[in-house]
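Each chain, letter by letter, is given below.
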Amino acid sequence: MQLTKEKILVPEISNQKLLDLYKQMWLIRLFDEKVDEFFAKGMIHGTTHLAVGQEASAAGVCALLTVEDKITSTHRGHGHCIAKGATAERMMAELFGRTTGYCKGKGGSMHIADVDMGNLGANGIVGGGIPLAVGSALTAKMKKLDYVTVCFFGDGATNEGSFHEAVNLAAIWDLPVIFVCENNQYGMSGSVKEMTRVEHIADRAHAYGIPGVVADGNDIIEMMNVTDEAIKRVKRGKGPTLIEAKTYRWKGHSKSDAKKYRTREEEQEWRKKDPIKRYKDVLIEAGLLTEEKAEEIRLEVKKEIEEAVKFAEQSPAPTLDDLLTDVYA
């Protein structure tokens, strides 16, 4: 069916897929909330960057991708990993530093990769994944491989030189890459309004001769629609699109952020735009979901997260003999 609420959903998405995406959004949120809890208790070391409130952009974009399609992620990348097929068990094990994690416990929160599912890796360097995505797209074009690369990054990354160089190169060579800027309004503690003079980050696309699309990053249907258009453009050989997903992170920049630079009133206004609740309302209106079934799904995901924690806790820690294995210089 075509699901309507001001917009038409891309027809390739089945009803079951729509429900699966609702579950996936809860998986992204509850995973990050559990990680937040464990960091507060000192059970996970290092640092982490959570994407609570940003679930629609990751789930919506990746819903249109195949296993063969690639993504590059960011320091705030748990949602991207889950949306591209990563399991909560192996992700939690990675954060616990266990050998059953995606990087055998050596990558941690900011460096989860799952190449088999097309996830080329999260990246602790702001903007670091952008040229990597362009390299992946160049590989596809030179080898005539039929895959798309999606590059996720935050608003702060658009002021890095790597962003401008990579987008320019992708544009002049018409590479099969889609740039997705998750504009959550703040780069660390600085408002995006203080960091750029343009009204929309998507406006920067015009300097490189490619489309720039502003999307509601808290509306999963809109994110699927704009991604569908960007993929169709890539498949026609027309090159990249820059999508700006306007969203908001409910938590601080990292675990040590007290969020003193923004008002509680602003936070409450954005919480009213909760992407999971908005999507639930659409599914209920379309007759695909009920309040009872929605709560059943949430509790099912909560149980899945608890099982992931048990898996991580019971997994073996690396030994000294593992210290230098799988490490490249």
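None of these values were measured; they are calculated from a predicted model.

A closer look at unusual backbone geometry
Inference 1: For Q185, which is not glycine, the phi dihedral falls at a positive 80°.
Inference 2: Relative to the helices and strands, Q185 resides in the loop between β3 (177–183) and β4 (186–187).
Inference 3: One non-glycine residue, M188, lies in positive phi territory at about 55°.
Inference 4: In this fold, M188 is placed in the loop between β4 and β5 (190–191).
Inference 5: For M188, a relative accessible area of 55% corresponds to the exposed category.

Some details on a nonpolar patch on the surface
Inference 1: Together, L169, I172 and W173 line one region of the surface with nonpolar side chains, adding up to about 290 Å² of accessible area.
Inference 2: With respect to the secondary-structure elements, W173 resides in the loop between α6 (161–172) and β3.

What about the sheet that holds strand β7 (residues 241–246)?
In a beta sheet, neighbouring strands pair by backbone hydrogen bonds and run either parallel or antiparallel.
Inference 1: Sheet architecture is open: 5 strands sit in the order β1-β2-β3-β7-β6, paired in parallel fashion. Of all strands in the sheet, those with a lone pairing partner are β1 (70–72) and β6 (212–216), marking the two edges. Averaged over neighbouring strand pairs, the angle between their axes works out to 20° when direction is ignored.
Inference 2: In the packing of helix α2 (residues 55–62) onto the sheet, the strands contacted are β1, β2 (149–154), β3 and β7, and the crossing angle to β2 comes to about 170°.

A closer look at the pairing of β3
Inference 1: Buried residues dominate β3, accounting for 7 of its 7 residues.
Inference 2: Along β3, one buried face is formed by V177, F179, C181 and N183 and the opposite face, lined by I178, V180 and E182, is buried too.
Inference 3: Each parallel crossover has a hand, and for β2 linked through α6 to β3 it is right-handed.

Some thoughts on the packing of aromatic side chains
Inference 1: Inspection of the entire model under this criterion finds 6 aromatic pairs.
Inference 2: Considering the side-chain rings of Y22 and Y279, the 6.3 Å spacing of their centres and the 50° angle between planes classify their relative orientation as tilted. Of the two residues, Y22 is situated in helix α1 (residues 15–40) and Y279 in helix α10 (residues 275–285); the sequence distance between them amounts to 257 residues.
Inference 3: When the centroid spacing of 5.6 Å and the interplanar angle of 85° are considered together, the rings of F38 and F96 count as edge-to-face. Pair noted here: F38 is in helix α1 and F96 is in the loop between α4 (88–95) and α5 (129–142), with a separation of 58 residues, a long-range link. For the residue pair F38 and F96, the accessibility class agrees, reading buried in each case.

Scoring rules and cut-offs
Note on numbering: residues in each chain are counted from 1, in written sequence order. Local features are withheld for residues below a pLDDT of 70 in this predicted model, meaning they are given only at 70 or higher, and side-chain atom pairs are given and counted only at 80 or more; totals for whole chains, interfaces and linings count all residues. With hydrogens and water stripped out, all remaining heavy atoms of the structure feed into the side-chain values. Comment: elements are numbered from the N terminus, with helices defined as DSSP H or I runs of at least four residues and strands as E runs of at least two. Exposure categories follow from relative accessible area, calculated using a 1.4 Å probe and restricted to protein chains: below 20% of the type maximum is buried, above 50% is exposed, and the middle band is partly exposed. Nonpolar side chains (Val, Leu, Ile, Met, Phe, Trp, Tyr) are joined into patches within 5 Å and like charges within 9 Å, using only residues with over 30% relative accessible area and no salt bridge. The Shrake-Rupley method, run with a 1.4 Å probe sphere, supplies the accessible areas, and residue values consider only the shown protein chains as cover. A carboxyl oxygen of Asp or Glu within 4 Å of a side-chain nitrogen of Lys or Arg is what we treat as a salt bridge. Whether two strands pair comes down to DSSP finding at least two bridges between them. To obtain an axis, a line is fitted to C-alpha atoms, over the contacting stretch when the element is a helix, and the angle between two such axes runs from 0 to 180 degrees between their N-to-C directions. It only takes one pair of heavy atoms within 4.5 Å for two residues to be counted as in contact. Looking down the strands as they point away from the viewer, one classifies a crossover as right-handed if the path from the first strand across the helix to the second runs clockwise. Only Phe, Tyr and Trp rings take part, Trp by its six-membered ring, and two of them pair if their centres are within 6.5 Å. Stacked means planes under 30 degrees apart, edge-to-face means over 60, and tilted covers everything else.

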